[in-house]
Amino acid sequence: MKVYQLRNGEEYIVRQALKADAQAMIDYIMQIGGESDNLTFGKGELEITLAQEEDTLQQYNEDPLGFFMIAEHEGKIIGNINLKTHNRARVRHNGEFGVSVLKAYWRNGIAEVLIGELIEWAKAGGVVTKIDLRVRDDNAGAIALYKKMGFVEEGHISRQFLIDGVYYSAYYMGLKL
Ligand SMILES: CC(C)(COP(=O)(O)OP(=O)(O)OC[C@H]1O[C@@H](n2cnc3c(N)ncnc32)[C@H](O)[C@@H]1OP(=O)(O)O)[C@@H](O)C(=O)NCCC(=O)NCCS
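Residues numbered from 1 in each chain as written. Predicted model: local features only at pLDDT ≥ 70, side-chain atom pairs only at ≥ 80, totals over all residues. Heavy atoms only, no water.

1. What about the site of the ligand?
Step number 1: Around the ligand there are 22 residues in total, and Val101, Arg107, Gly109, Glu112 and Asn139 lie nearest to it.
Step number 2: For the ligand, an oxygen atom lies 2.8 Å from a polar atom in the backbone of Gly109.
Step number 3: Between the ligand and Glu112 there is a distance of 2.9 Å, counted from an oxygen atom to a backbone nitrogen or oxygen.
Step number 4: Coverage of the ligand by the protein amounts to 78% of the 910 Å² it exposes when considered alone.
Step number 5: Those elements giving two or more residues to the shell around the ligand turn out to be strand 5 (94–101), helix 3 (110–125), strand 6 (130–136) and helix 4 (140–148).
Step number 6: The element best represented in the shell around the ligand is helix 4, accounting for six residues.
Step number 7: In terms of residue class, the shell around the ligand is made up of 11 nonpolar, seven polar and four charged. (Near = heavy atom within 4 Å. Polar contact = N/O pair within 3.5 Å; in protein donor to acceptor, adjacent residues only side chain to side chain. Areas by Shrake-Rupley, 256 points an atom, 1.4 Å probe, with all protein chains shown as cover. Helix = DSSP H or I, 4+ residues; strand = E, 2+ residues; numbered from the N terminus. Nonpolar A, V, L, I, M, F, W, Y, C, P; charged D, E, K, R; others polar.)

2. What to know about helix 1 (residues 22–33)
Step number 1: When the terminal C-alpha atoms of helix 1 are compared, their 16 Å separation across 12 residues agrees well with the 16 Å that a helix rising 1.5 Å per residue should span.
Step number 2: Within helix 1 the residues assigned to the buried category are Ala22, Met25, Ile26, Tyr28, Ile29, Ile32 and Gly33. Buried positions in helix 1, seen along its axis, are confined to an arc of 160 degrees and lie on one side of it.
Step number 3: If you follow the buried residues of helix 1, they end up packed against helix 2 (50–62), strand 3 (67–73), strand 4 (76–84) and strand 5. (Expected span 1.5 Å × (residues − 1). Buried < 20%, exposed > 50% of the residue type's maximum accessible area, 1.4 Å probe, protein only. Arc of directions from axis to C-beta. Contact = heavy atoms within 4.5 Å.)

3. Focus: the pairing of strand 4
Step number 1: Here seven bridges tie strand 3 to strand 4, and the two strands are oriented antiparallel to one another. Of the residues in strand 4, the one forming a bridge with Met69 is Ile81.
Step number 2: Hairpin connection, strand 3 to strand 4: the antiparallel pair is bridged by two residues, and Glu74 has positive phi, about 50 degrees.
Step number 3: Sheet analysis places strand 4 next to strand 5, joined by six bridges and oriented antiparallel. (Pairing = 2+ DSSP bridges.)

4. Regarding the environment of Ile70
Step number 1: Mapped onto the elements, Ile70 comes out in strand 3.
Step number 2: Taking the C-alpha atoms as reference, Ile70 lies 10.0 Å from Met1; in sequence the two are 69 residues apart.

5. Some words on the pairing of strand 5
Step number 1: Extensive coverage of strand 5 is indicated by the burial of six of its eight residues.
Step number 2: In the sheet, strand 5 pairs with strand 6 via three bridges, with the strands oriented parallel. Looking at the pairing, Gly95 lines up with Ile131 of strand 6.
Step number 3: Once the chain exits strand 5 it traverses helix 3 before rejoining the sheet at strand 6, and the crossover so formed is right-handed. (Right-handed = clockwise from strand over helix to strand, strands pointing away.)

6. Observations concerning the environment of Ile115
Step number 1: On the secondary structure map, Ile115 appears in helix 3.
Step number 2: Sequence spacing of Ile115 and Asn80 is 35 residues, and the spatial spacing of their C-alpha atoms is 9.7 Å.
Step number 3: Contact partners of Ile115, with chain neighbours within four places excluded, come to Ile81, Phe97, Val99, Leu145, Tyr146, Met149 and Phe151.

Put into structure tokens, the structure is as follows:
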């Protein structure tokens, strides 16, 4: 667990997500789905049961190549990051992550902290040597964040998202460690 500060000086913590966080994670997912059109799900689109979320978190915890961390303020999850790798030896060094932060907490440096933790973890583990992500090509804020963290655009794919009948393209971005 690490302690960081919001812009207003209040403390928040960053730590591994545990099975016991399942309900708080569901509440978090329900909230962020309605706060942005830049995720792979919208408001009310994900129906996750407590048992499913507990299972997901347990799988991440048991997988040495699974990474799932949360930022927490006053007992509430305010941000999260998770990375999935592959089982097969030839692609195991490569993982794709997703990151999000509650709107009320944007521009506090939380995503930067979470991505920094991911990079540190990957470097320490020595297995994951390439980190990838996909981002809507009109999500300028997130693209600026990833570039600040050293990611570069590696590809442009069409029809990655379909939201309310409209297709959106995405960039693949990557960071070599
Ligand atoms: C994108 C997102 C994760 C950024 O989280 P955040 O905690 O607000 O980001 P940070 O405060 O760590 O920003 C770090 C840097 O990224 C850049 N950045 C972040 N948001 C930005 C924005 N809206 N506009 C321009 N630059 C931005 C800036 O360079 C910023 O540094 P600065 O504040 O010193 O200028 C957050 O806005 C979010 O959850 N959005 C909805 C979901 C989403 O888009 N996720 C990414 C999907 S690929």
